[in-house]
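# Analysis of the macromolecular model
Spelled out from the first residue to the last, the chains are:
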Amino acid sequence: MDQSAFLTSAEEQLKNFGSFLNNYDAQLANLLNKSKTLNQLSCNAEPLVNINYTGNQEQLQLIRLLESDRLVNKILLTFAYLCEEVDSLVSDSREMQMKFLYLDEDLLAVHLDDSNSTTGSIIENERVLIKMSQCMEFLCNIQFLLQRCTVLGNNILHQCGAFLATEDTSLEFRFFDIFEYLSELLLQILIFDEIFATSNFCRFWPSYKKTVDAVAHNRDLQLQCTSSEISGLQNCLQELDILFSANIFQYFLDSTFALKEKIGPTGIGLLIQQCNEYVKYNLALIDKWQINALNEFNDPKLLIRLNAFCVVFHTFCGQIDSKHVKHLLELNAKHQGIMLISNVVWIPKHFLKKHAYSLIKTHEKLLYDVKRQWQHYLNAHLQTLQTDCRKYCIHLALWSLNVEKMLNAGAFYLKLDQFKELAALLLSGLRYAGQLSFLVKGLVNAHVSLQIPMTKQTLLAICKMIEVMKSTQNLFQKHSRSIAKIIHCILQYLQYKLLHLLGSCKKKITSTKMLDRNVDALAAIKIAEKCLNGTCSQNRILTAKLAVNATNFHNRCLPTEMYEKFRTIMERIELLSDFEINLKNICDTSYIYWHQSILTAYLKHIVDRKMDYNSFQNLIRAADNCTENLDKLQLSDLKITDIMKKSNFDNIRNGIISNLCAHIETFLRLEVHSNLQLEKMNPFEQSIDDYRDLINACPIRLNGNYIILRDNVENYLSAMFYNLTTISLHDWKTYEEMRHLANKRLMLKPVEDYLPNQTLDQGIDILEIMRKINIFVSKYVYNMNAQIFVEQQSQNKHLDSIGIRHVANSLRTHGSGVINTTVNFTYQFLRQKFYTFSQFLYDEQIKSRLMKEFRSYTERKQNDKYPLYPYERADAFNKDIRKLGLSKDGQTYMDLFRKVITHVGNAMGYIRLVRSGSIHANYSASLYLPKFDENLTFAETCKKENLHDVTFVAAENLEANINNLVRSFSDSTDYFKILIEAFQPFFHNAHNIHLKTFFLIIPPLTLNYVEYMLSVKEKINRKDRQEAVLFDDGFAVGLAYILKLLNQINEFNSLNWFGIVRERFETELKKIKEMLSDVNSGTNKTNTNSNMKKSENEKLQQTLALTERRINIHQMEYNLLYYNIGSAKIFF
C-alpha cells in the first residue's frame, strides 16, 4: 500500500472515530438528562444496586485467629465459640419472634373472619385448628431453639464458674463481655415467654389438644393414620406445653440448679463477685442516661437485660447486693415505655414478682402501679412533645446539611479532623433515629395500654417524627456509595487508636517487673493486635474484646480511663462495622402493623392541612415496611399480608387520592364559575389553594408498585368529565373549560371524551321533539318570519323557544343523518292529521253545508266570471257551525278544525327549521376551510412524498371528512316537495271527492282565526297571561300547504276573499267618518243648546272612535294573515 492510500484510509478512520465519539457524547448527555429527571422523580428511592459494606463476610475461622499453644488461647477460643453461638441463636430468635407474632395475628384474622361469617361454630373452630396444625413444625423449631438457648446459657455459666474454680492464679479474666452475651440470650428467652403467654395460640391451645385427643379415640379417623403417628403427635404436644405455660424463663432458671454442685463454692464466690461488679458497672452506665434521649438500639434493652441477668444470678447464686437491687428498681420506675418487641410492652414489676419475689421482697414499696407509671410517663412526654418534635426536626435538618457537605467532599479528600467529624455525624444520626424510634413506640403503646384516644396534635407530632426518622434512613441510603468508601477509612482510623492503646499496654507488660507474671497477658495482647490488624468482622471484634478482658481484670495493664476509652472506641467500631444492619434495625417500623389507625388518621390531613407533599411518603414507606418484612419472612401467603396491602392502598386512596381529586374538582368548578362570585377574593387575606406540588409529588412506592398521583387525578377527571357529559350533554362546554383549566393551571392532561357536544342554549333536543312531535306542534306557536317556535304557556317564569341556532347545535351533536329520520316522523304525524282533516270535511253536517256553498258558488260563477264570496255567508257559516255544539273546553268544531290545520303548518315549519339549522351547522363547520373543493390531493401528495402509513391514512380521512362536508352543505333536497308528492295521491283519490269544497271553508276559517288571534292578543295586557299569544303562523303555512295538495289555490284566489274583507272594512270606516263629520257639524251649529245634547254627542263620538279602532285592528289582522298566506305559498 502506498503512502497516499495509507493516509487516506487513516483520515477516514479518524473521521469515523470522531463521529462515533460525537454520537457517544450525545447519548451520554441524553442519559444524563434522563437520570436527572429520574432523580427528581425518585424522591430518595432506594438505590438500584445495594452495596454491602459490612465487614462480616470474612471466611476466617476463630481457630485461625487463636493459633497458639498457650492456655489463654484455648480459654479465649472456648468463650469465643460460645459467644458466637449466642450471636447465631439471637439472630434466629429475632426472626422467629417476628414470624410468630405475624402467625399469631393471622390466626386471629382467621378466627375473626369465621366469627363474622354465617357458618356454624364447628366450621369456625375447624379452620382455626387447621391453621394451628399448619404451624406445628414452626412451633417445634421454636421449642428446639429454646432448648438450645437453655443448654447454651447453662454452658456459659458452667464455663465461667469452672474457669474461676481453677487453682491456677496466673490467669485472670473479666467476664463483662461474656455477661453481655449471656444477658442477650436471656433477653430472647424472656421475649419468647412474654409473646407466648399473651398469644392467640395460647388461647386456642387447650381446644387443639382436646381435638387431637378426640381424634385419637375416634376409630373411624384412625383408618387415616396409624396409632404410632397419633401417639407421636400427642407426645409432641406435651413437649410443646412448656411454650404456652408462661414458664419458659422459669424453666431456664430451674435448669441452673444442677450447676452449683459442678462449679463448687470457690467458683460460685468469685462468680458472685464478678456478677456484682457487672451489675454495678451497668447501673452506673444507666444512671447517665437522660430520659428524653434514650436510644432504641442499645440503651432500653440494656435495662431489660440487666433485670433478667439479676434474676438468673439471684436464682443461681443467691447473693446480689441489696443496694444494687434497690438501685435497679429505682431505674425501672424511672424509665418507662420500653418495648420488648413490636407491640409487646416490658413490665418489670410482673417479671420480678413472678421469677424473683424474694429478691425484691424488702424493696416492694418501690414497685409502683403500672397504670399510674404509664400515665405519668405519658403526661410527662405529651407536655413537651411539640417542643421535642421541633427540636428533633431542627437538629436533624442541621445534621443532614453537615452530612451532605462531608459526603459530597469525596472519600479521598478528607483530612483527619474531617474523618473524626464524619464518624461523629454518622453515630449521631443513628442516635437521633434511635431516640425518635423509642419515643414513638413508647407514646403509641402508652395510648394503647391506657386506652386513651390520641389527640390530633399528638398524632401529627408522632407521624412527623416517623417521617423525620425515615428521612434520616433515606439520606444514608442516598449516600450509601460514598459511605461505603469512607466508612472503612473511619474504621481503620479507630483501629489505629486501639492499636495505639494496646501498644502502650504491651510496653507496660514487657517491662522487667511484669514480664514474668504476665506472659499470658502479653499473648492475649498480641491476639487482640492480630484481630485489629484485619477487617472489622464480628469474630475479630469479639476475640479482641475477650483478649483485652483476659489481661485487665484488676486494671493492671490498662488503667480505668484507658479501659473506658477502649470500650468506647470498640462500641463505635461495632456500630460502624454493621452500620447498614444497625440502621435498618433502628429505623424498622414493622410495629405500625399493630397501629394502622395512625396512618389512616394522618393521611386524611395531608390535603386539607397542606402539609409537606413529599415527607408524607416517608410515613407510607414506614407502613410498607410491614409488608416487606412479611415477604422477607416468607409469609406473603398469609391472610394478614393481603389485609395489610389492601389497608395501605385504601388509606392512600381514601386519604389522599380521593380527597385530592375532590379538592381539585371543587377548585376547577369555582374557577370556571368565578364570574358568578359576588365578592372577589383578597389573596392577602385568603390563601390560594395550589395543589401542583402534591400532583407532581414523587411516585409513592407501595406493595412493590408505584402510585403516581398525577395519573390518578387525570383518570378521575377523565372519568368525571365523561360521565357527567353523558348525563347532561348540554354542559359539555363547562367540562371542556374545566379540562382546559386543569391543563393550564395544574398541568394535567385528562383524556378527551370524544362525546357529541351540546350547548347551554341548545333548548329541547331535536330527537326529543321528533319523538313527541304531536305534543310539540300543539304546545308551541310558529313565527314564519323569524323561524322560531315559542312555547304557548308554561308553569315556569319563562317560555322555551327553539330557533335555527338551537337546531344547528343539536345537529352538531347527533349529525346530519337525523334530518331524514325527522322527515319520516313528520310524515307519519301528517298522515294522522290528514285523516282527522278528511273526517271533519266528510261529516254530514259540514259536508251538506259546504255543498250548499258550492252550489251557490257555481250559480254565481255562471253569472260572473269572477264570483265573489260574500262576507255575510262566511259569518253565517260560522254561526251555523257554532250551533252544532261545543267541546268540553268550550271550543266549536271550527276551532278544532283550525287547530288541525295549525298543527299541520307547525309540522311543516319544523321541517323548514331543521333544514335551515342544517345549513347553519354546515356553514359553521366550513369556516376553517379556505374553499370548497372536492378535488383534494392530500393523500396523493403523502404517497408521492413517501410519508408514513399513519400520515397517509390521516390524509385520506381528512379528504373524506371535507367531501362529506361539501356534500352536506350543497345538499339541495326539497323536503316540502317530497312531502307534497307523498300526499298528493291521497288527496286526488276519487274516494276523497269531498275535499274539493275545502276552499269554500277557508273564509269562515279566517274569520275564526282572526277572532282567536284578537282574543289571545288582548290577554297580553291582562294579569292572567296563561293563553296570551303574539303570533301563530302555523295556520297560514298549513293552509297554503293543504291548498297546494288539493290544487285549490286558484279556486281560493277566485273568491277574492281578502279583497271583499278589505272593501267591507273600508265601507264601514267610510260610514263612521261620515257619522263623525255629521256629529261634529251638528255640535258646532247647536252651541247654544242645552248641555244634555252636548253630552250625547260626546258619547256618540266615543262610540264611533272605538268602532273605528276595532275595525282597524281587524283589518290589520286580516292583512297580516293575507301576507303570511302569500309568503307561505312561496314554499310550495
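As a further point, take the overall build of the protein. Helix and strand content of the protein: 44 helices and seven strands. Long-range contacts, defined as pairs at least 24 residues apart, comprise 81% of the intrachain contacts of the protein with a sequence gap of at least 6. Summed over all atoms, the accessible surface of the protein reaches about 58600 Å², with 52% contributed by carbon and sulfur.

Attention now moves to the environment of Asn654. Looking at the element boundaries, Asn654 is found in helix H26 (residues 639-672). When the C-alpha atoms of Asn654 and Thr600 are compared, they prove to be 8.7 Å apart, with 54 residues separating the residues in sequence.

Here we take up the sheet that holds strand E7 (residues 801-802). In spatial order, the strands read E5-E6-E7; together these three strands make up an open sheet with antiparallel pairing. If you trace the sheet from one side to the other, it starts and ends with strand E5 (780-783) and E7, each paired once. Relative to E7, strand E6 (residues 788-791) is paired through two bridges, and the arrangement is antiparallel. For Phe789, the partnering residue across the bridge sits in E7 and is Ile802.

Below, the discussion takes up the packing of helix H19 (residues 480-509) against helix H20 (residues 519-532). Two elements in contact, H19 and H20, have axes separated by 10 Å at closest approach and are oriented at 165°. Here H19 lies roughly antiparallel to H20, going by the angle between them. Handedness of the H19/H20 crossing: left-handed. Facing Gln495, Leu498, Leu499, Leu502, Gly503, Cys505, Lys506 and Ile509 of H19, the residues of H20 in contact are Ala521, Leu522, Ile525, Lys526, Ala528, Glu529 and Leu532. Residue composition of the contact of H19 with H20, by class: 10 nonpolar, two polar and three charged.

Locating Arg305 in the fold gives a position in helix H11 (residues 299-316). On the accessibility criterion, Arg305 (8% relative accessible area) is buried. In this structure, the C-alpha to C-alpha distance between Arg305 and Ser183, residues 122 residues apart in sequence, is 5.1 Å.

This brings us to the side chain of Ser838. Within the secondary structure, Ser838 is located in helix H33 (residues 818-842). Relative accessible area serves as the criterion here: at 6%, Ser838 is assigned to the buried category.

On to the pairing of E5, then. The side-chain alternation of E5 yields two buried faces, one formed by Tyr780 and Tyr782 and the other by Val781 and Asn783. Bridge count for E5 against E6 is four bridges, and the pairing is antiparallel. Paired with Tyr780 across the bridge in E6 is Glu791. Turn length for the E5-E6 hairpin, with the two strands adjacent in sequence and antiparallel, is four residues, and the turn residue Gln787 shows positive phi of about 50°.

Attention shifts here to the nonpolar core. Core analysis: the biggest nonpolar cluster contains 240 residues, and Phe79, Phe173, Phe196, Phe249, Phe313, Phe616 and Leu668 have the highest contact counts within it. By residue number, the principal contributor to this core is helix H3 (residues 71-116), which donates 19 residues. If we skip the residues at most four places from it in the chain, Leu668 touches Leu717, Phe721, Met738, Leu741, Ala742 and Leu746. Val900, Ile1002, Leu1014 and Ile1111 belong to the second-largest nonpolar core, a separate cluster that totals 93 residues.

Let's shift gears to the confidence of the model for the protein. The predicted model of the protein averages 81 in pLDDT, with 87% of residues at 70 or higher. Across residues 36-42, confidence stays below pLDDT 50; counting only partners more than four residues off in sequence or on other chains, it has four contacts.

Let's shift gears to the pattern of salt bridges. Under the criterion given, the structure shown has 26 salt bridges. One salt bridge connects Lys131 with Asp106, and the closest N-O pair in it is separated by 2.7 Å. Of the two residues, Lys131 is situated in helix H4 (residues 121-134) and Asp106 in helix H3; the sequence distance between them amounts to 25 residues. Accessibility expressed as a relative area gives 13% for Lys131, which makes it buried. Classification of Asp106 as buried rests on a relative accessible area of 1%. Through salt bridges with shared partners, a single network forms among Arg94, Glu180, Glu184 and Arg305.

Our focus in this paragraph is a nonpolar patch on the surface. There is a patch of nonpolar side chains on the surface, built from Phe17, Phe20, Leu21, Tyr24, Leu28 and Leu31 and spanning about 590 Å² of accessible area. For Leu21, the position within the fold is in helix H1 (residues 3-42). The partly exposed category is assigned to Leu21, whose relative accessible area is 34%.

Turning our eyes to something else, we now look at the packing of helix H5 (residues 136-164) against helix H6 (residues 176-197). The geometry of H5 relative to H6 is characterised by a closest axis approach of 10 Å and an angle of 150° between their N-to-C directions. Considered as vectors, H5 and H6 are oriented roughly antiparallel to each other. H6 is crossed by H5, and the crossing has left-handed handedness. Contacts between H5 and H6 involve Leu139, Ile142, Leu145, Leu146, Cys149, Leu152, Gly153, Ile156, Leu157 and Cys160 from the first element and Ile178, Leu182, Leu185, Ile189, Phe192 and Phe196 from the second.

Attention now goes to unusual backbone geometry. One can expect most non-glycine residues to show negative phi and most peptide bonds to be in trans. The phi dihedral of Gln634 is positive, around 60°, even though this residue is not glycine. Relative to the elements of secondary structure, Gln634 occurs in the loop between helix H25 (616-632) and H26. One non-glycine residue, Asn1056, lies in the positive phi region at around 50°. When you line up the elements, Asn1056 lands in the loop between helix H42 (1049-1055) and helix H43 (1057-1085). Take Asn1056: its relative accessible area is 38%, and that puts it in the partly exposed class.

This next bit is on the packing of aromatic side chains. Here the structure, examined in full by the defined rule, presents 51 aromatic pairs. Seen from their ring centres, Tyr871 and Trp1057 are 5.9 Å apart, and the 5° between their planes marks the pair as stacked. Here Tyr871 is found in helix H35 (residues 871-883), whereas its partner Trp1057 is found in helix H43, with 186 residues between them in sequence. The class for Tyr871 is buried, based on a relative accessible area of 14%. With 4.6 Å between their ring centres and 10° between their planes, Tyr1009 and Phe1035 make a pair best called stacked.

A word on the side chain of Asn549. Among the secondary structure elements, Asn549 is positioned in helix H21 (residues 538-549). Residue Asn549 is classed as buried on the basis of its relative accessible area of 1%. Contacts of Asn549, omitting those with residues within four sequence positions, involve Glu172, Phe173, Arg174, Asp177 and Tyr563.

Looking now at helix H18 (residues 456-478). Along an α-helix, a turn takes 3.6 residues, which lines up residues three or four apart on a common side. Its 23 residues place the ends of H18 32 Å apart at the C-alpha level, agreeing with the 33 Å of an ideal helix rising 1.5 Å per residue. The buried count for H18 comes to 18 of 23 residues, which makes it a mostly enclosed element.

On to the state of the cysteines. Following the criterion strictly, the structure yields zero disulfides and no others. Free of any disulfide, Cys275 has its nearest cysteine sulfur in Cys317, 6.2 Å distant. We note that Cys310 lacks a disulfide partner, and the nearest cysteine sulfur, in Cys275, lies 6.4 Å from it.

Conventions used here
Residues numbered from 1 in each chain as written. Predicted model: local features only at pLDDT ≥ 70, side-chain atom pairs only at ≥ 80, totals over all residues. Heavy atoms only, no water. Helix = DSSP H or I, 4+ residues; strand = E, 2+ residues; numbered from the N terminus. Contact = heavy atoms within 4.5 Å. Areas by Shrake-Rupley, 256 points an atom, 1.4 Å probe, with all protein chains shown as cover. Pairing = 2+ DSSP bridges. Axes fitted to C-alpha atoms, helices over the stretch in contact; angles between N-to-C directions. Parallel < 35°, antiparallel > 145°, perpendicular 65-115°, else oblique. Left-handed = near helix turned anticlockwise from the far one by under 90°. Nonpolar A, V, L, I, M, F, W, Y, C, P; charged D, E, K, R; others polar. Buried < 20%, exposed > 50% of the residue type's maximum accessible area, 1.4 Å probe, protein only. Core = buried A, V, L, I, M, F, W, Y, C linked by side-chain atoms within 4.5 Å. pLDDT = per-residue confidence, 0-100. Salt bridge = Lys/Arg side-chain N within 4 Å of Asp/Glu carboxyl O. Patch = residues over 30% accessible without salt bridge, like charges linked within 9 Å, V, L, I, M, F, W, Y side chains within 5 Å. Phe/Tyr/Trp six-rings, centres within 6.5 Å; stacked < 30°, edge-to-face > 60°. Expected span 1.5 Å × (residues − 1). Disulfide = S-S within 2.5 Å.

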